[in-house]
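# Structural features, examined
Single-letter residue listing:
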Amino acid sequence: MRKYVNVSIVLLIFFVTIGCSKEIEKTVNDKASEKITLEVAIHVANPKGQEPAFYSIVDRFMEKYPDIKIELQGTEQKAHIKKIKMMAQSDSLPDIFWVLPSSAKELAEAGLLLDLRPFLIENPEMVEKLHANMLTTYSLDGLQFGLPYQSLVTGIWYNKAIFDKNHLKLPETYDDLKTAVKTLHANNIIPIAKGANDPYSVWAFLTMLSRYGYFEKIDSILSGDESYNNEDFLNYYQKIAELRELGAFPKNVATQSYFQAVQMFLNGEAAMLDAGIWETKKIEESQIAGDVGFWWGPTFADGVGNQKISSIVPAAPLVVNKHVEKNKAKYEAAMKFLGFYFSEEGAAIMIDNQVAPIIKFDGDIDSDLHPVFANVMNVMNDPSWESKPNQPDLIVSEGIANAMYDSIYGVINGIYSPEEAIKIVDSKIAR
């Protein structure tokens, strides 16, 4: 009898143990299912290939916080902007997303974005490492509606080997640039790679516009006291037309995309490329890496004001959906992500991907390993150049910005005369 009782007890213990194991497994699974998911949407179709620094930060963040999953959504910029506008109308915006400054301001005014002032108050050490214009640009009536996605650093990349081969000095002035364009075009080399299929890709040309008094004039232009159709701007647009006539741009510039223009430069087919330092890693990994330098673009003898203007400004912002604050766990996860993104660790990941960090970073750059990036950082740190406060198209409405792109590429493509081009922008402002 005792033998059977013992067997029963053993069986009972066995089944209880199995039951406990299943309960434990169920609890573990339940906890795993409690993982917080953040929807993060950015403006490129292939985040891993086109925005490797951001992609790497997301990846490292999830390693550090395994209880938080980042659902990274990538869409080509035009489609992304359209999608964000549609989602705003249905009040279904992603948790964290990239957006154009003008659209961000509209979303903030509509009460759809989270105020990030509490985040800044809780992270004073981060605020101390940010340049002032990185915060003030995305502040509205005391509301901090966004933080810069990256430092927007734009200019002209050049292939020094092509200049040397054609016995050309690296240009400094507009006259130098004209001389280089004439020689390069005569030798069947594309002077400046560009792609009008992505009309926003006029960064260096916007900086050149700044050398004709844009920031001194724009407030008066927007208020109606002055006109975009002025003599100084006309002089500048005439320079663009002159470059086109000299053969500065690819024959297929009207149908080529920005990314095709980049590839043209990487293939050694073009001497220069209008772009930003987000292309550093791609250039570092190319066959022309040892020959590439970075330049702020030409100064102009008939320009207005300071001609040594660089472009180190806050990029379009990352913003947070206001609905995030309704879910405590999601809110905390979003703040952790921003904290990581703007941390020293986040800055180090940007450096590893040859992207200039948003915060002031004192880390060393191995010039033997990363000659292109080291060159860019040296150019950025040159005290003889002064950065404009922002990018010209980022301080006007999206409609005016699009008109500015259209006006510049219209002259580059030969569709508009300089006079017609500036009237297009002026008409858009008047509306």
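Residues numbered from 1 in each chain as written. Predicted model: local features only at pLDDT ≥ 70, side-chain atom pairs only at ≥ 80, totals over all residues. Heavy atoms only, no water.

## Some points on the side chain of threonine 280
Relative to the helices and strands, threonine 280 resides in helix α15 (residues 280-284). Accessibility expressed as a relative area gives 0% for threonine 280, which makes it buried. Of note is the side chain of threonine 280, whose polar atom sits 2.5 Å from the backbone oxygen of isoleucine 277. Among all residues touching threonine 280, those that are not within four sequence positions of it are Trp157, Gln354, Val372, Phe373 and Val376. (Helix = DSSP H or I, 4+ residues; strand = E, 2+ residues; numbered from the N terminus. Buried < 20%, exposed > 50% of the residue type's maximum accessible area, 1.4 Å probe, protein only. Polar contact = N/O pair within 3.5 Å; in protein donor to acceptor, adjacent residues only side chain to side chain. Contact = heavy atoms within 4.5 Å.)

## Comments concerning the nonpolar core
Formed by 81 residues in total, the largest nonpolar core has its most connected members in Trp157, Phe205, Tyr228, Tyr236, Tyr237, Met272 and Met404. The element that contributes the greatest number of residues to this core is helix α19 (residues 398-412), accounting for nine residues. (Core = buried A, V, L, I, M, F, W, Y, C linked by side-chain atoms within 4.5 Å.)

## Examining the pattern of salt bridges
Scanning the model with the defined rule gives 15 salt bridges in all. A salt bridge links glutamate 398 to lysine 85, with the shortest nitrogen-to-oxygen separation between them at 3.1 Å. With glutamate 398 in helix α19 and lysine 85 in helix α4 (residues 77-89), this pair connects stretches of sequence that are 313 residues apart. Judged by its relative accessible area of 16%, glutamate 398 is buried. Judged by its relative accessible area of 38%, lysine 85 is partly exposed. (Salt bridge = Lys/Arg side-chain N within 4 Å of Asp/Glu carboxyl O.)

## Quick look at the environment of lysine 251
Here lysine 251 is to be found in the loop between α13 (231-245) and α14 (258-266). Its relative accessible area of 89% is what places lysine 251 among the exposed residues. C-alpha of lysine 251 to C-alpha of alanine 289: the two residues are 38 residues apart in sequence and 25 Å apart in space.

## Here we look at the sheet that holds strand β6 (residues 147-148)
Ordered in space as β2-β1-β3-β13-β6, the five strands form an open sheet in which the pairing is mixed. Only two strands of the sheet have a single partner each, and these edge strands are β2 (68-74) and β6. Bridge count between strand β1 (residues 36-42) and strand β3 (residues 96-98): two bridges; the pairing is parallel. Residue pairing for β3: valine 40 is matched across the bridge by isoleucine 96. Its contacts with the sheet place helix α16 (residues 328-341) against β1, β2, β3, β6 and β13 (317-320), and it is angled at close to 50° to β1. (Pairing = 2+ DSSP bridges. Axes fitted to C-alpha atoms, helices over the stretch in contact; angles between N-to-C directions.)

## A few points about the pairing of strand β7 (residues 151-159)
Counting buried positions over the nine residues of β7 gives nine, a clear majority of the element. Pairing analysis gives three bridges linking β7 to strand β12 (residues 312-314), with the strands arranged antiparallel. By the bridge assignment, serine 151 is partnered in β12 with proline 314. The sheet contact formed by β7 and strand β9 (residues 270-276) spans five bridges and is antiparallel. Each residue of the ladder has a partner; that of tryptophan 157, found in β9, is leucine 273. Examined bridge by bridge, β7 and strand β10 (residues 292-295) share four bridges and lie antiparallel to one another.

## Description of α4
The end-to-end C-alpha distance of α4, which contains 13 residues, comes to 19 Å, matching closely the 18 Å that a straight helix rising 1.5 Å per residue would cover. Among all positions in α4, only Gln77, His80, Ile81, Ile84, Met87 and Ala88 are buried. One side of α4 carries all its buried residues, which in axial view fall inside an arc of 130°. Facing away from the buried side of α4, by more than 90 degrees, are the exposed residues Lys82, Met86 and Gln89. Buried-residue contacts for α4 involve β1, β3, α5 (101-109) and α19. Of the residues trailing α4, aspartate 91 is marked for its positive phi of about 55°. (Expected span 1.5 Å × (residues − 1). Arc of directions from axis to C-beta.)

## A short note on the packing of α13 against helix α20 (residues 418-430)
As a packed pair, α13 and α20 sit with axes 9 Å apart at the nearest point and diverge in direction by 125°. One way to sum up the angle between α13 and α20 is to call them oblique. When you trace α13 past α20, the crossing you get is right-handed. Between α13 and α20, the contacting residues are Phe233, Leu234, Tyr237, Gln238 and Ala241 on the first element and Pro418, Glu419, Ala421, Ile422 and Val425 on the second. For the contact of α13 with α20, the per-class residue count stands at eight nonpolar, one polar and one charged. (Parallel < 35°, antiparallel > 145°, perpendicular 65-115°, else oblique. Left-handed = near helix turned anticlockwise from the far one by under 90°. Nonpolar A, V, L, I, M, F, W, Y, C, P; charged D, E, K, R; others polar.)

Any functional reading would require information beyond the geometric quantities listed.
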